[in-house]
Amino acid sequence: PPRTLPADTLPHAADELNVIGAFPGPDETRVALVSAISVEFDAPLLQGQNLAQVLRVTSSAGAIAGEVGQSGSDTLIFRPSALWAPGTRYTITVD
C-alpha cells in the first residue's frame, strides 16, 4: 500500500489532484525487484482518463515499459514488464 508522504514535501493545488502517498517512497533504496509502484491521490481519478499518460517511470536508460492500472478510485499502480534493475535509480512522473 502507498505510504503517506509528508505534506511539506509535495506541491499542492486546490483545483487539481494531489499526490498524498506513494510506494516506494522518495529516496527509498531497499525495494524488491518485483515490486509494483503505487501512487495515491487526495480525490478520485477521472473516469475514462488514459492512465498510461498520467504515470510514467524512467531511468537513465529511458522509459520503463509496464502496465498502469487503478486500485480503488484514487490509486494508480504501475507494474513493470521486467524486473527492476538492481542499483538503478528510477523517476516516477505524474501528470
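Remember, it's a predicted structure, so these values are computed and weren't measured experimentally.

How should I be thinking about the nonpolar core in this particular structure?
The tendency in soluble globular proteins is for nonpolar side chains to be buried as a group. Counting residues in each nonpolar core, the largest one holds 12 residues, listed as Ile37, Val39, Phe41, Leu45, Leu51, Val54, Leu55, Val57, Val68, Leu76, Phe78 and Trp84. Of all the secondary structure elements, the ones that give two or more residues to this core are strand E3 (37–41), helix H1 (51–54), strand E4 (55–59) and strand E7 (75–80). Element by element, the count of residues in this core is highest for E3, at three residues.

How do you make sense of the pattern of salt bridges when you look at a structure like this?
Any two side chains of opposite charge can pair, given that their charged atoms come close. Going through the model one piece at a time under the given rule, you end up with two salt bridges. Of the charged contacts in the structure, one is a salt bridge between Asp27 and Arg89, with a shortest N-O distance of 2.8 Å. Taken together, the positions of Asp27 in the loop between strand E2 (19–23) and E3 and Arg89 in the loop between E7 and strand E8 (91–94) put the pair 62 residues apart, joining distant regions of the chain. Accessibility expressed as a relative area gives 59% for Asp27, which makes it exposed.

Sorry if this is basic, but what is going on with the sheet that holds strand E5 (residues 62–63) here?
Working definition: the strands of a sheet are paired by backbone hydrogen bonds and lie parallel or antiparallel to each other. Taken in spatial order, the three strands make up an open sheet running E5-E4-E8, and their pairing is antiparallel. A single partner strand is all that each edge strand has here, and the edge strands are E5 and E8. Relative to E5, E4 runs antiparallel, the two sharing two bridges. The residue of E5 that forms the bridge with Ser59 is Gly62.

Just to check I follow, could you spell out the environment of Val31 for this structure?
As for its position among the elements, Val31 is in the loop between E2 and E3. Along the sequence, Val31 and Trp84 sit 53 residues apart, while their C-alpha atoms lie 9.0 Å from each other.

What is the right way to look at the side chain of Ser35 in this model?
Secondary-structure assignment places Ser35 in the loop between E2 and E3. Those residues in contact with Ser35 that sit more than four places away from it in its chain are Phe23, Pro80 and Trp84.

I keep staring at the packing of aromatic side chains and nothing clicks. Help me out?
Given two aromatic rings, one states the distance between the centres and the angle between the planes to describe the pair. Counted under the stated rule, the structure contains two aromatic pairs. An angle of 35 degrees between the planes, with centres 6.1 Å apart, marks the rings of Phe78 and Trp84 as tilted. We classify Phe78 as buried; its relative accessible area is 3%. Judged by its relative accessible area of 9%, Trp84 is buried. Between the aromatic rings of Trp84 and Tyr90, the centroid separation amounts to 4.6 Å while the plane-to-plane angle is 65 degrees, which identifies the pairing as edge-to-face. Using a relative accessible area of 24% as the deciding quantity, one classes Tyr90 as partly exposed. Cluster of aromatic residues (ring-pair linked, three or more members): Phe78, Trp84 and Tyr90.

Rules behind the numbers
- Residues numbered from 1 in each chain as written.
- Predicted model: local features only at pLDDT ≥ 70, side-chain atom pairs only at ≥ 80, totals over all residues.
- Heavy atoms only, no water.
- Core = buried A, V, L, I, M, F, W, Y, C linked by side-chain atoms within 4.5 Å.
- Buried < 20%, exposed > 50% of the residue type's maximum accessible area, 1.4 Å probe, protein only.
- Helix = DSSP H or I, 4+ residues; strand = E, 2+ residues; numbered from the N terminus.
- Salt bridge = Lys/Arg side-chain N within 4 Å of Asp/Glu carboxyl O.
- Pairing = 2+ DSSP bridges.
- Contact = heavy atoms within 4.5 Å.
- Phe/Tyr/Trp six-rings, centres within 6.5 Å; stacked < 30°, edge-to-face > 60°.

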